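Structural overview for review
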Amino acid sequence: MDCCQLLPDCVDIGLILVGQDGRILVWNRWIEERAGLSSEQALGLTLSEAFGPHVDPRVALVIREALDFGWSARLSHALHPMPLPLFPPGGGRAERMKQSIDVTSLPLGGTNQCLVQVRDVTETVRREALLKQQARQLRADLHRLTRAQTELQRSEMRFRELARQAPAGLFEADAQACCTFLNERCEQLLGQELVAVAGTPWINLLPFSEQTRVRKSWCQAVESATRFSEEFRFTRPDGSYLWMRAEAGPLRDESGRIGGFIGTMLDVTDLHERATRNEFRANHDGLTSLLNRDRFERHLRAAISGAREVSDRLALLFIDLDDFKGINDNHGHNAGDTVLKAVAGRVRRVLRSEDLVARYGGDEFAVLIAGAGDPHNIDTIIGKINQAVAMPINLGHCHVRVACSVGLAVFPDHGTDPASLLNHADKAMYCAKRTRCADSGSSSEPV
Ligand SMILES: Nc1nc2c(ncn2[C@@H]2O[C@H](COP(=O)(O)OP(=O)(O)OP(=O)(O)O)[C@@H](O)[C@H]2O)c(=O)[nH]1
């Protein structure tokens, strides 16, 4: 049989026919082009003689086994990447191609020959390497993703736990102030669960009197993408009320627009009430709860400027109890306090709510009456004050009476500034006191 018939040149693999003696009988054109040696030149050579010293010894071994024992074998490129020194045609000798070799025993004419099939797997190996690299990359990405997901889950759990334990109310709301998240504390503060308030702006839950101011502030924060901060009184559905401070920062969506706010709600009832108490204490007398001297003088200054603008008249009354020391001396300091409180209440009740009454000093009181155009009215008021103060005061174990002296100063007749008006009223009061004492001797007496 013509060997050339067995080794067609048209196939895209290398074929080498090796005789029983291990010498090359023929190879096809595919090998010629990659080995740089024609089939005629290779005829009768061993593989080492044809290819030189770079033939992998395992090729010779499996060929020997095929010839001697009729075994077939494959040399996988994974283990033997380049068993023969073959080079891509036209590529020079720079890069050896990777090969996969099949050795098949051929019992021909009573002797064993063997057919060596050589495949160029350079591209396959390259693709495999690329695939391996991509698989490695994918594994690394997957690992990173898994880690990121675990971290996300952990951070979500951390946030959920923190939100659950947080002593402050935490909330998230959209730009329309509809809540999308409330932690447990916030639900406690509002007295309602998220399901009950979702879909409605939380501002609608506030008393009507607070809504306009808080809504305006919320809209401003949305428009200017700034922090929202408001304090308001809140009434829960069960009727209990508290003072709350809400603070929130803007949250932007992917397009950079304000998608909502996330923030805190704090119960500041104690703080608020303490501040209110402090403010009251700073402006009022502790014994009688009337305005104190400082606050009264500030009001007086403001009232004078107001009256000046509208050409109004003000009446300033200075009231001093007569012989009040005698009450302290005779009945004790507590009794004196009782008298001061009673007098304060009585003077307050004689006047209109818009008139100001202050405890000016120990047993001194000051009154400011706006719209005091009619002197007759002022006289009437002074008369009522005298009368009210002079009523018996119950000390528990007895009653006492106390009289008072009243001095009057009118703006603008007797002065146009606080000092001159107070001075005038003070002098007028002393004048009245002297007259009273001259008329009646001691003024405070047991009943
Ligand atoms: N119980 C009591 N006494 C006070 C208080 N503040 C001042 N006093 C007393 O009020 C008395 C005022 O005495 P005076 O200024 O002499 O006044 P008065 O005894 O009314 O004498 P005249 O004003 O001249 O009629 C003093 O004994 C003060 O100790 C107070 O908060 N409580």
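Anything mentioned here points back to the structure above.
The present account deals with the structure reproduced in this document. Quick caveat: nothing in here was measured; it's all calculated off a predicted structure. (Residues numbered from 1 in each chain as written. Predicted model: local features only at pLDDT ≥ 70, side-chain atom pairs only at ≥ 80, totals over all residues. Heavy atoms only, no water.)

Looking now at the layout of surface pockets. Here the largest pocket is characterised by a volume of approximately 170 Å³. Together, 15 residues line the largest pocket, and Arg352, Asp355, Ile369, Asn377 and Ile381 are the ones closest to its centre. It is helix H14 (residues 375-390) that contributes the most residues to the lining of the largest pocket, five residues altogether. Across the lining of the largest pocket, the residue classes tally to seven nonpolar, four polar and four charged. (1 Å grid on protein atoms, 1.4 Å probe; cavity = no way out; pocket = protein on both sides within 12 Å on 5 of 7 lines; lining within 4 Å. Points joined across faces, edges and corners; volume = space filled by probe spheres on them. Helix = DSSP H or I, 4+ residues; strand = E, 2+ residues; numbered from the N terminus. Nonpolar A, V, L, I, M, F, W, Y, C, P; charged D, E, K, R; others polar.)

Another point: the environment of Met244. Among the structural elements, Met244 can be located in strand E9 (residues 241-252). Accessibility expressed as a relative area gives 0% for Met244, which makes it buried. Other than its neighbours up to four places away in sequence, Met244 contacts Leu189, Leu190, Glu230, Glu231, Phe232, Phe234, Met265, Leu266 and Val268. (Buried < 20%, exposed > 50% of the residue type's maximum accessible area, 1.4 Å probe, protein only. Contact = heavy atoms within 4.5 Å.)

The buried count for strand E5 (residues 111-120) comes to seven of 10 residues, which makes it a mostly enclosed element. Where strand E4 (residues 99-108) lies against E5, 10 bridges are found, and the strand directions are antiparallel. Considered in E5, the bridge of Leu108 is made with Thr111. (Pairing = 2+ DSSP bridges.)

In this structure, Ser405 sits in strand E16 (residues 404-411). Setting aside its immediate chain neighbours within four residues, Ser405 contacts Phe318, Ile319, Asp320, Asp322, Met429, Ala432, Lys433 and Arg436.

Let us now look at the pattern of salt bridges. This model, assessed by the stated rule, comprises 27 salt bridges. Measuring nitrogen to oxygen at the nearest pair gives 3.0 Å for the salt bridge that ties Glu231 to Arg245. Linking Glu231 in strand E8 (residues 228-235) with Arg245 in strand E9, this pair joins segments that are 14 residues apart in sequence. A relative accessible area of 24% places Glu231 in the partly exposed class. Among the residues examined, Arg245 registers a relative accessible area of 25% and is labelled partly exposed. Taking the shortest distance from any N to any O, the salt bridge between Glu297 and Arg293 comes out at 3.6 Å. (Salt bridge = Lys/Arg side-chain N within 4 Å of Asp/Glu carboxyl O.)

The subject of this paragraph is the packing of helix H12 (residues 324-331) against helix H13 (residues 333-350). Following both chains from N to C, one finds H12 and H13 inclined at 140°, their axes separated by 6 Å at the closest point. As the angle between them shows, H12 and H13 are arranged oblique. Contacts between H12 and H13 involve Phe324, Ile327, Asn328 and His331 from the former and His333, Ala335, Gly336, Val339 and Leu340 from the latter. Among the residues making up the contact of H12 with H13, the classes are represented as five nonpolar, four polar and no charged. (Axes fitted to C-alpha atoms, helices over the stretch in contact; angles between N-to-C directions. Parallel < 35°, antiparallel > 145°, perpendicular 65-115°, else oblique.)

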